[in-house]
Amino acid sequence: QVQLAESGGGLVQAGGSLRLSCAASGRTFSSSAMGWFRQAPGKEREFVAAIGWSGGSTYADSVKGRFTISRDNAKKTVYLQMNSLKPEDTAVYYCARGSGSRALREYDYWGQGTQVTVSS
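Model, not experiment: these values are computed from the prediction. (Residues numbered from 1 in each chain as written. Predicted model: local features only at pLDDT ≥ 70, side-chain atom pairs only at ≥ 80, totals over all residues. Heavy atoms only, no water.)

Student: Teacher, can you tell me more about the pattern of salt bridges here?
Tutor: Note that side chains of opposite charge can pair when their charged atoms are close. In this structure the tally under the stated criterion is five salt bridges. With a shortest N-O distance of 2.9 Å, R97 and D108 are connected by a salt bridge. A residue pair is termed long-range when its members are at least 10 positions apart, and R97 in strand 9 (residues 91-98) and D108 in strand 10 (residues 107-110) qualify at 11 residues. Judged by its relative accessible area of 18%, R97 is buried. Under the relative-accessibility criterion, D108 is labelled partly exposed at 46%. Via salt bridges that share partners, R38, E46, R66 and D89 belong to a single interconnected network. (Salt bridge = Lys/Arg side-chain N within 4 Å of Asp/Glu carboxyl O. Helix = DSSP H or I, 4+ residues; strand = E, 2+ residues; numbered from the N terminus. Buried < 20%, exposed > 50% of the residue type's maximum accessible area, 1.4 Å probe, protein only.)

Shown next, in the form of structure tokens:
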């Protein structure tokens, strides 16, 4: 059983930064790929970033160059550093364990989400 708990969301002005954290339980974290997704009101959940067990990462075009995903296997935690935030980044952000791809269906465990609101 894997449990994921996100934290670090909040309200920030456009141009600001936030760092999200996702703490994982379970023994397989270090060998698992992890992803961040987000869902804005009235929209489908979408891929943001993913990181493989060895640290290789991939990003959605909309966040490339502004967001950085990283992981600390000793702490069983994955991070999402978000810089130069825009109002369109406003969403609930979820972390998930899965294949490391962009496809939601390839992730089997999900956290409860953390709200990020960017004001203009």
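Picking up where we left off.
Student: Could you clarify how one ought to interpret the environment of Y107 in this entry?
Tutor: On the secondary structure map, Y107 appears in strand 10. Look at Y107 and you get buried, because its relative accessible area is 5%. Separated by 10 residues in sequence, Y107 and T117 have C-alpha atoms that sit 25 Å apart. Leaving out residues up to four positions away in the same chain, Y107 has contacts with M34, G35, F37, A50, A96, R97, G98, S99, G100 and S101. (Contact = heavy atoms within 4.5 Å.)

Student: Would you take a moment to explain the packing of aromatic side chains for this structure?
Tutor: In this description, an aromatic ring pair is defined by two values, namely the gap between the centres and the angle between the planes. The final tally for this structure, using the stated rule, is four aromatic pairs. Measuring from centroid to centroid gives 5.7 Å for F37 and F47, while their planes differ by 75°, and the two rings are edge-to-face. Here F37 is found in strand 4 (residues 33-39), whereas its partner F47 is found in strand 5 (residues 46-51), with 10 residues between them in sequence. Seen from the ring of W110, R45 lies directly overhead, with NZ or CZ sitting 5.0 Å from the centre. (Phe/Tyr/Trp six-rings, centres within 6.5 Å; stacked < 30°, edge-to-face > 60°. Lys NZ or Arg CZ within 6 Å of the ring centre and 35° of its normal.)

Student: Please clarify how the sheet that holds strand 3 (residues 18-24) should be interpreted in this entry.
Tutor: Sheets are built from strands paired through backbone hydrogen bonds, the pairs being either parallel or antiparallel. Sheet architecture is open: four strands sit in the order 1-3-8-7, paired in antiparallel fashion. A strand with exactly one partner marks an edge of an open sheet, and here the two such strands are strand 1 (4-7) and strand 7 (67-72). Geometrically, the sheet is characterised by an average inter-axis angle of 15° between neighbouring strands, direction not taken into account. (Pairing = 2+ DSSP bridges. Axes fitted to C-alpha atoms, helices over the stretch in contact; angles between N-to-C directions.)

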